[in-house]
Amino acid sequence: MTISETQAQLEAIRHALDGLVREVQTVIVGQDEVLRGILTCLLAGGHGLLEGVPGLGKTLMIRTLASAVDLGFARIQFTPDLMPADIVGTSVLVDRPDGGRELQFQPGPLFANIVLADEINRATPKTQSALLEAMAEGQVTAGGKTRPLPEPFLVLATQNPLEMEGTYPLPEAQLDRFLFKIDVPFPGEQELLQILERTTGTRSQQPNRVLTGAQLLQMRAFVRAIPVAPTLSRYVVRVLRATHPDDPHATDLVKRYVRFGGSPRGAQAILLAARIRSLLDGRKTPSIDDVRAVAPQALRHRVILNFEGEAEGVAIDKVLAQVLSGVPTD
């Protein structure tokens with residue numbers, strides 16, 4: 001592909017993504033960085049975890065995005081009594097045309113392209129383990145068989161950090177399967193005024209479908225073909241290693257408060273997300289600024305604090321900020 005063809009394809013993808021963002025913004029007020037994070041997950045083929053207090057529009061944003069993309073969508077409300085078969089599916093006895101009976105598999109809500117896992121930390125570990133196989137392998141095991149999930153497949157999960165009663169914290173292995181952990185902030189004054197105007201009047205806006213599954217898969221392939229300078233890859237590796245307390249580049253906060261640093265999936269997430277950020281901004285290749293912008297979302301759920309860090313309420317983003325400012329770029 002020539003340089004002009006690559007530039008033309010980049011512009012076409014940017015135009016399509018701008019249209020998708022505009023459609024979502026007909027319903028959602030503000031939260032631009034949150035939306036960019038979800039788009040990054042969509043383009044990278046990685047799952048996203050959204051954390052914020054109730055009422056900030058996490059569920060509405062995911063539902064609106066799914067409506068604007070021509071893909072299968074399912075919503076699962078996680079509760080303590082939810083069983084693996086409720087999300088994966090089960091085999092039921094059905095009548096055959098010849099009068100006999102047979103077991104037939106009835107797929108559960110996981111068999112969709114975009115799955116909204118609402119309040120994921122309310123499910124028991126047994127149900128969470130069933131979801132882990134789907135997130136990790138793109139398949140589920142049910143009825144004695146391994147069944148592939150539709151392609152593309154994306155889990156966008158939400159959790160409430162305030163009400164912890166009756167919740168089951170996600171294990172580190174499952175957290176590591178999320179490309180991004182996205183913090184959803186409280187809206188500002190002007191955004192709150194717009195929310196009131198849109199939600200308490202007669203206006204009702206539904207987004208149009210502006211992106212197909214085939215287009216999305218083409219975009220994912222283009223993202224992975226975006227060139228990355230070797231120096232940038234080395235910087236990403238140094239950043240990841242600096243989150244480990246025994247690394248030479250580890251900062252004071254890491255050495256004091258961190259028990260485990262980020263996994264290799266963290267570096268993969270950073271590099272993919274940096275590519276996507278450069279694409280969204282219309283640039284041909286990512287920079288160190290892109291890495292620094294996406295690293296907190298890619299690492300905040302992968303870096304585990306020790307007991308002292310938990311007891312003192314150390315903010316993981318503060319630890320990561322010191323890492324990003326302390327790791328040399330050359």
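Look up a bit, the structure's there.
K.L.:
Explain the overall build of the protein chain to me, please; I cannot follow it from the model alone.
P.N.:
Tallying secondary structure elements over the protein chain gives 14 helices and 13 strands in all. A compact globule built from 330 residues would reach a C-alpha radius of gyration of about 20 Å, and the protein chain, at 21 Å, matches this within 12%. Along the first, second and third principal axes, the C-alpha atoms of the protein chain reach 75 × 50 × 45 Å. Contacts spanning at least 24 positions in sequence make up 76% of the contacts within the protein chain whose residues lie at least 6 apart. When the accessible surface of the protein chain is summed, it comes to about 16000 Å², and 53% of that surface belongs to carbon and sulfur atoms. Between the mean site of the 34 positive side-chain charges and the mean site of the 37 negative ones, the protein chain shows a separation of 4 Å.

K.L.:
Quick question: what am I supposed to make of the nonpolar core here?
P.N.:
Across soluble globular proteins, you tend to see nonpolar side chains buried next to one another. By size, the foremost hydrophobic cluster in this structure holds 75 residues, and its most contacted members are Leu20, Ile38, Leu42, Phe180 and Ile270. By residue number, the principal contributor to this core is helix α11 (residues 264–280), which donates ten residues. Once residues lying within four places of it in the same chain are set aside, the contact partners of Phe180 are Gly37, Thr40, Cys41, His47, Gly48, Leu49, Ala273, Val294, Gln297, Ala298 and His301. Within the second largest apolar cluster, 27 residues are counted, among which are Ile76, Phe105, Ala134 and Leu175.

K.L.:
What is the right way to read the environment of Glu137 from this model?
P.N.:
Relative to the elements of secondary structure, Glu137 occurs in helix α5 (residues 125–137). With a relative accessible area of 52%, Glu137 lands in the exposed category.

K.L.:
Could you clarify how one ought to interpret the sheet that holds strand β3 (residues 73–77) in this entry?
P.N.:
In sheet architecture, strand pairing relies on hydrogen bonds along the backbone and comes in two forms, parallel and antiparallel. Across the sheet, five strands lie side by side as β3-β6-β9-β1-β10; this open sheet has parallel pairing. The strands lining the two open edges of the sheet, one partner per strand, are β3 and β10 (178–183). Here the strands of the sheet are splayed against their neighbours by 15° on average, with no regard to which way each runs. Sheet analysis places strand β1 (residues 47–51) next to β10, joined by five bridges and oriented parallel.

K.L.:
Is there a simple way to think about unusual backbone geometry in this case?
P.N.:
Backbone phi values are negative for most residues with the exception of glycine, while trans is the configuration of most peptide bonds. Going from Glu151 to Pro152, the amide bond is cis rather than trans, its omega being 0°. Relative to the helices and strands, Pro152 resides in the loop between β8 (145–148) and β9 (154–159). The backbone phi angle of Glu119 is positive, close to 55°, even though this residue is not glycine. In this fold, Glu119 is placed in the loop between β6 (114–118) and α5.

K.L.:
Can you walk me through the packing of aromatic side chains in this structure?
P.N.:
Working definition: an aromatic ring pair is given by the centre-to-centre distance plus the angle between the planes. Under the defined criterion, the tally for this structure stands at one aromatic pair. The ring of Phe105 has Arg147 lying over it, and the distance from NZ or CZ to the ring centre is 3.9 Å.

K.L.:
I'm lost on the pairing of β8 in this one. Help?
P.N.:
The side chains of a regular strand alternate between both faces of the sheet. Looking at chain direction, strand β7 (residues 139–142) and β8 are connected through four bridges and run antiparallel. Its bridge partner lying in β8, Ala142 is registered against Lys145. Connecting the antiparallel pair β7 and β8 is a turn made up of two residues, with Gly143 showing a positive phi of about 65°.

K.L.:
Just checking my understanding: could you explain the pattern of salt bridges for this structure?
P.N.:
Proximity of charged atoms lets side chains of opposite charge pair with each other. Inspection of every chain in the model, using the stated rule, returns 16 salt bridges. One salt bridge in this structure joins Arg122 and Glu119, with 3.2 Å as the shortest N-O distance. The class for Arg122 is buried, based on a relative accessible area of 13%. By relative accessible area, which is 24% here, Glu119 ends up partly exposed. Among the salt bridges present, the one from Asp183 reaches Arg300, with a minimum N-O distance of 3.6 Å. Remark: Arg300 occurs in the loop between α12 (288–299) and β13 (304–305) and Asp183 occurs in strand β10; sequence separation between them is 117 residues. Connected through salt bridges with shared partners, the residues Arg36, Arg277, Asp281, Arg283 and Asp290 form a single ionic network.

Scoring rules and cut-offs
Residues numbered from 1 in each chain as written. Predicted model: local features only at pLDDT ≥ 70, side-chain atom pairs only at ≥ 80, totals over all residues. Heavy atoms only, no water. Helix = DSSP H or I, 4+ residues; strand = E, 2+ residues; numbered from the N terminus. Rg over C-alpha atoms; globule rule 2.2 N^0.38 Å. Contact = heavy atoms within 4.5 Å. Areas by Shrake-Rupley, 256 points an atom, 1.4 Å probe, with all protein chains shown as cover. Lys, Arg positive; Asp, Glu negative; His and termini not counted. Charge placed at Lys NZ, Arg CZ, Asp CG, Glu CD. Core = buried A, V, L, I, M, F, W, Y, C linked by side-chain atoms within 4.5 Å. Buried < 20%, exposed > 50% of the residue type's maximum accessible area, 1.4 Å probe, protein only. Pairing = 2+ DSSP bridges. Axes fitted to C-alpha atoms, helices over the stretch in contact; angles between N-to-C directions. Phe/Tyr/Trp six-rings, centres within 6.5 Å; stacked < 30°, edge-to-face > 60°. Lys NZ or Arg CZ within 6 Å of the ring centre and 35° of its normal. Salt bridge = Lys/Arg side-chain N within 4 Å of Asp/Glu carboxyl O.

Geometry only, nothing functional implied.
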